[in-house]
Structure formats: structure tokens, C-alpha cells
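Structural characterization, general
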Amino acid sequence: VVKGGAEESYNLLDLSLSIEQKDGNPVTTGGNGTAAAASSTGKKKKSDDMKSLLYIVTSSSQFNSARKRHMQHQHTDRLKLMMLPVLKESIENMIAAGFDVDLYLVLSYELNSTRLALVEEALPEGVNLEVWDNASPYYYDEGYKNKRAPDKIKDLNRALSRQHRFVVRDKLFDYDFFCAFEDDMLITGEHIHHHLWMSEQLEEMKHNALEETTTKQYGIPSTDIWFADMTKKQFPHIRPGFIRVEVLLDEKEYPLQTEVDIENVPIDHDYSDMGYGTNELVDPSVCCHVKHVGGNGTKAPPQPNSSQLMLWETGISGLGVREMPDGSWVATLPGPRGFLKDNFDYKVGMYKPTASHTLKVTPNGANPKFLAQSAGWMMTRRQLIEMHIDLCKGSFMPPFDAPEFKNNGLYMMNVEYWSGGLQMWCPNHGCNIQRVIQMDPKNFSKHLLYHTSNNKQKQIAQGRRVRFNDLMGQLNTLRKDAVEAKRKAQLKKK
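Residues numbered from 1 in each chain as written. Predicted model: local features only at pLDDT ≥ 70, side-chain atom pairs only at ≥ 80, totals over all residues. Heavy atoms only, no water.

**Considering the state of the cysteines**
Formally: Defined by distance alone, a disulfide is two cysteine sulfur atoms within 2.5 Å. Under the DSSP-based scheme used, a helix requires at least four consecutive residues in state H or I and a strand at least two consecutive residues in state E, with every element numbered from the N terminus. Per-residue accessibility, obtained with a 1.4 Å probe over protein chains only, is compared with the maximum for each type, and a residue is labelled buried under 20%, exposed over 50%, and partly exposed between these values.
This structure, assessed with the given rule, holds two disulfides. Linked covalently through their sulfurs, Cys-287 and Cys-288 form a disulfide whose S-S length is 2.3 Å. Here the S-S torsion is close to -95°, and the disulfide linking Cys-287 with Cys-288 is therefore left-handed. Residue Cys-392 pairs covalently with Cys-431 via a disulfide, S to S 2.0 Å. The sign of the 85° torsion about the S-S bond sets the Cys-392-Cys-431 disulfide as right-handed. With a gap of 39 residues between them, Cys-392 in the loop between helix H6 (381-391) and helix H7 (415-420) and Cys-431 in the loop between helix H8 (422-425) and strand E19 (434-438) connect regions that are remote in the sequence. Bonded cysteines in the chain are paired 1-2, 3-4 when counted in the order they occur along the chain. Take Cys-426: it sits in no disulfide, and the sulfur closest to it among the cysteines is that of Cys-431, at 9.9 Å. Relative accessible area serves as the criterion here: at 11%, Cys-426 is assigned to the buried category.

Spelled out as C-alpha cells, the structure:
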């Protein structure tokens with residue numbers, strides 16, 4: 001595995017770990033369709049020297065409707081023009097990175113034989129395909145006030161995003177690694193390798209961590225300090241994070257933030273104190289240089305430059321930074337916080353922008369404009385088991401029982417909860433995971449995922465459209481602020 005030009009090796013976090021299944025064998029049921037297997041190129045024996053990967057993709061529509069008014073390709077074939085290029089690009093990239101990939105589609109619609117043939121034709125040789133169509137779950141229509149019809153059964157397309165969890169449970173012991181994403185998210189082998197490498201670094205830090213620390217370090221509460229010792233209890237709640245980006249289509253038509261909108265944190269691309277250059281920028285080749293994606297009407301350049309990447313779901317106001325025990329620096333994404341009876345003694349301390357800057361906007365931990373949803377997740381088998389048994393207040397895989405869930409997880413839970421990640425990194429019935437992004441310039445770009453629809457730049461207000469290079473520079477400023485604050489805290493102790 002190549003990391004920053006150097007050969008690195010990792011294990012897959014003891015993927016041989018097994019658990020006793022307390023409640024029987026998992027099944028791929030729960031919707032109004034059936035899980036139908038369809039082999040695209042014939043079954044194959046898994047290679048002993050390749051890691052098996054199940055790529056699960058959820059799709060709610062095979063055609064773009066008039067409601068997709070911000071997409072240039074409305075009224076067009078979404079499956080053919082958008083979804084299939086993403087599948088082909090992602091899977092080819094994963095295979096080239098050394099993974100043995102199978103594909104599982106979870107669809108709200110019926111995939112007829114003609115459409116199935118299109119999918120099969122797009123897949124590389126050796127990729128096994130399974131399809132669960134008409135997968136939206138049934139529910140009793142409780143509706144709102146006078147619109148209730150509790151004696152009628154409807155399919156709940158809002159909860160389609162829950163259904164991939166049944167697939168994960170069913171396939172848990174068949175694969176080493178799992179990726180579950182929405183149908184317009186491009187995932188590369190480099191993303192997966194980096195997730196695995198960073199997960200191993202966190203595991204090693206956990207092994208070397210203290211069982212517990214003093215209440216205060218350097219006069220700062222241990223759950224607030226942004227450097228110094230961490231405990232073994234904190235590390236299971238830390239996972240590599242991702243941020244969605246888009247490629248700018250026309251900056252004149254869809255301009256980014258102006259000076260009025262940009263936060264009061266200077267932009268600094270000088271990383272020379274970390275052994276890098278004085279003008280380090282984001283590398284768009286990792287996420288967004290494509291071969292197949294792009295023929296979907298968005299007119300996005302296939303090889304964008306670093307200034308053409310934008311984000312909309314977070315900003316410097318919602319982020320923090322921390323020095324890890326191995327000396328590396330990470331940016332912390334929002335979400336985790338104390339909730340009800342949870343004493344939150346595993347909180348990961350961070351240095352926040354408000355410590356050294358007066359901000360225009362100071363979001364709370366639950367502000368949806370700063371939560372940085374990733375439209376999916378990736379985990380090893382062991383990480384899934386740990387999430388399901390040890391970390392989540394409710395279960396990560398079915399059954400979704402009371403009191404954590406109502407109506408088998410159908411009540412009020414939507415795509416942001418199941419797929420976007422709210423369950424994983426928020427506290428209410430969730431797992432309170434702290435997502436982190438490596439700030440080392442050679443690895444920073446490996447946390448960016450391409451939202452190939454490229455439609456958010458048309459929907460979101462200009463004040464929230466952030467050039468990713470600007471955010472990278474602001475995070476670097478915050479890191480330098482944190483380094484200086486650390487130095488003063490250490491001097492004060494002396």
C-alpha cells in the first residue's frame with residue numbers, strides 16, 4: 001500500500017473476529033420486495049490474497065423527475081447517465097487497488113430484465129451482482145392529523161435508506177470490508193486504503209493509551225484538552241471521516257462565498273512547519289478525476305483543478321483541531337456530545353476557532369448546516385461488530401427494537417439518519433462517533449468524496465458555498481493557533 005510515496009503495510013483490524021449471533025441468522029427482508037440474486041459474470045472463488053469488499057448502493061429513483069429542478073438532466077435516465085458511470089468508476093478503481101469487489105443494489109423501484117442487463121454490462125468481469133428491488137419498507141399510514149389512514153398500508157420510500165442494514169447483517173461474515181453509499185457518490189480504492197491505514201494508526205494509539213487520565217492536564221479538563229494523553233475509552237469512538245465535495249460547473253452562474261460570508265479565520269497554505277511547502281493545496285485527483293463519470297448532463301470537467309472543488313455542508317465554524325498522541329494533527333467534525341444519562345467521559349477534546357477568533361457564526365453541535373454528512377459509510381467487519389455491540393445506544397444492524405427505535409426504526413428516521421450518518425456520529429439513539437480528518441497535506445485530500453450530481457451548488461445559498469482550498473487554509477491557521485496555545489499551556493505549567 002502506498003502512503004505518501006512510502007511503502008506501508010496494514011492488517012484489516014483482525015478481520016477474523018467473530019461473534020455469537022444471539023438472535024438467529026440475518027435475512028435480507030424488511031421491504032416490500034424480495035432480495036433477488038443476479039450474477040453479472042458468474043460466481044467466482046474469492047482470492048486468498050485479496051480482501052473481499054461488498055459495495056452496497058441505494059437508489060431511490062431510476063429516472064430524474066421534474067422535481068429535480070436544479071439538475072440540468074431532469075427528465076432523464078438517472079440509472080443510465082449517472083448511477084452506472086459511478087458504479088463502473090468506483091468498482092474499477094477498487095479492483096485496481098487490490099480489492100475483490102461484489103455489488104449489491106438496494107432499489108425503491110423494480111429493475112426489469114432490460115435494465116438489469118444494462119447494469120450487468122457496465123460491471124467489470126468477476127463482479128457478482130445482487131439486486132433487492134422494490135425494497136422500500138411497508139408501514140401503516142399514520143400521517144398527520146386529518147390525513148391519517150391507519151388502516152392502509154403504504155411503502156415508505158423515506159426509509160429506503162434503512163434497508164442496506166439488513167444486507168450488511170445478512171452478509172456480515174462473507175466479506176472483509178463494507179461500503180454503503182448513495183447512488184451518486186464516487187468511492188475510490190485510495191479512500192478505502194486510507195480508511196484502513198488510518199484505522200490501524202488509531203488502533204495502535206489505543207493500544208498505547210492510558211486506561212484513564214487525571215481530571216485535568218496542564219490545568220485544562222482532560223475532555224477539553226486538544227493535546228496530551230488520551231485514554232483507551234476515547235479511541236473506539238474515533239473513526240476516519242469524509243466530507244462531500246462537488247466540482248464547480250460555472251462559477252459565474254453559481255458563485256462561491258464573498259468576503260462578507262467568509263469566516264474571520266485567515267487562510268494560510270504554508271505547511272513548512274510540517275515539512276511541506278509554503279503553498280499546499282487540496283489534491284483533486286484523489287476524489288474527482290474521472291473517466292466514466294461526467295456524461296450525465298452536469299458538464300463537470302473530468303480533471304478539475306484544486307480551486308474547482310467546493311463544499312456546502314460544513315465550514316471552519318463547525319470544526320476543531322487536535323494533536324493526536326503520535327504527533328499527527330487532525331481536524332474534528334461535529335456531531336458527538338453529551339446526551340441525557342451519558343456522562344460523555346470519552347469526549348475527544350479539540351481546539352475550536354472561538355478560542356482565538358471572533359466568528360460571524362457560532363453553530364451548536366446539532367446545527368445541520370455544519371454536520372458534514374457523507375451520504376454513506378465504510379467499515380471493516382470488526383468495526384461493524386464493535387459499532388453494533390459496544391458503541392451504539394440502539395443497534396447498528398437489525399433488529400431495530402424499542403426503546404431506542406419506534407416502529408422498527410421507521411418512525412421519523414430518514415436518509416440523513418441511516419445513510420447520511422446521523423445515527424453514527426450523533427448521540428440521540430446513536431453511536432456518538434468522533435470523525436477525524438488527517439491534516440497532513442499528503443493525506444488531507446483522501447477524506448474528500450465526490451458528489452457527482454453536482455446539484456448542491458445550485459440549491460444551497462451562496463453564503464454556504466465554500467471553496468475547499470479556503471477551508472484547508474483556515475484549518476491550517478487553526479492548527480497553528482492550537483500549537484501556540486499548547487506552547488503557552490506548557491510554559492504556564494512550568
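**As for the pairing of strand E17 (residues 329-332)**
Within a regular strand, the side chains alternate between the two sheet faces. Heads up, the condition is: Two strands are said to pair when DSSP picks up at least two bridges between them.
The alternating pattern of E17 places Trp-329 and Ala-331 and Val-330 and Thr-332 on opposite faces, both of which are buried. As defined by bridge partners, strand E16 (residues 320-323) adjoins E17 across four bridges and the pair is classed as antiparallel. What sits directly across from Glu-323, in E17, is Trp-329. Pairing of E17 with E19, which is carried by three bridges, proceeds in the antiparallel orientation.

**Quick look at the confidence of the model for the chain**
What counts is decided by this rule: pLDDT runs from 0 to 100 and stands for how confident the predictor is about each residue. The contact criterion used is simple: two residues touch if any of their non-hydrogen atoms lie within 4.5 Å.
Averaged over all residues, the pLDDT of the chain equals 86, while 84% of them reach at least 70. Across residues 1-45, confidence stays below pLDDT 50; counting only partners more than four residues off in sequence or on other chains, it has 117 contacts. Low pLDDT, under 50, characterises residues 68-74; the stretch is placed with 25 contacts to residues that sit more than four places away or in other chains.

**Notes on the pairing of strand E5 (residues 99-107)**
As a reminder of what qualifies: Whether a crossover is right-handed depends on one test, that the path from the first strand over the helix to the second runs clockwise when the strands point away from the viewer.
Of all the nine residues making up E5, nine are buried; the element is thus mostly covered by neighbouring parts of the structure. Because side chains alternate across E5, one face comprises the buried residues Phe-99, Val-101, Leu-103, Leu-105 and Leu-107, and the other comprises Asp-100, Asp-102, Tyr-104 and Val-106, equally buried. Where strand E4 (residues 51-59) meets E5, nine bridges bridge the pair, whose relative direction is parallel. Residue pairing for E5: Lys-51 is matched across the bridge by Phe-99. Two elements, E5 and strand E6 (residues 129-132), share four bridges in a ladder whose sense is parallel. Counterpart to Leu-105 in the pairing with E6 is Val-131. In the classification by handedness, the crossover that spans E5, the intervening helix H2 (residues 113-122) and the parallel E6 is right-handed.

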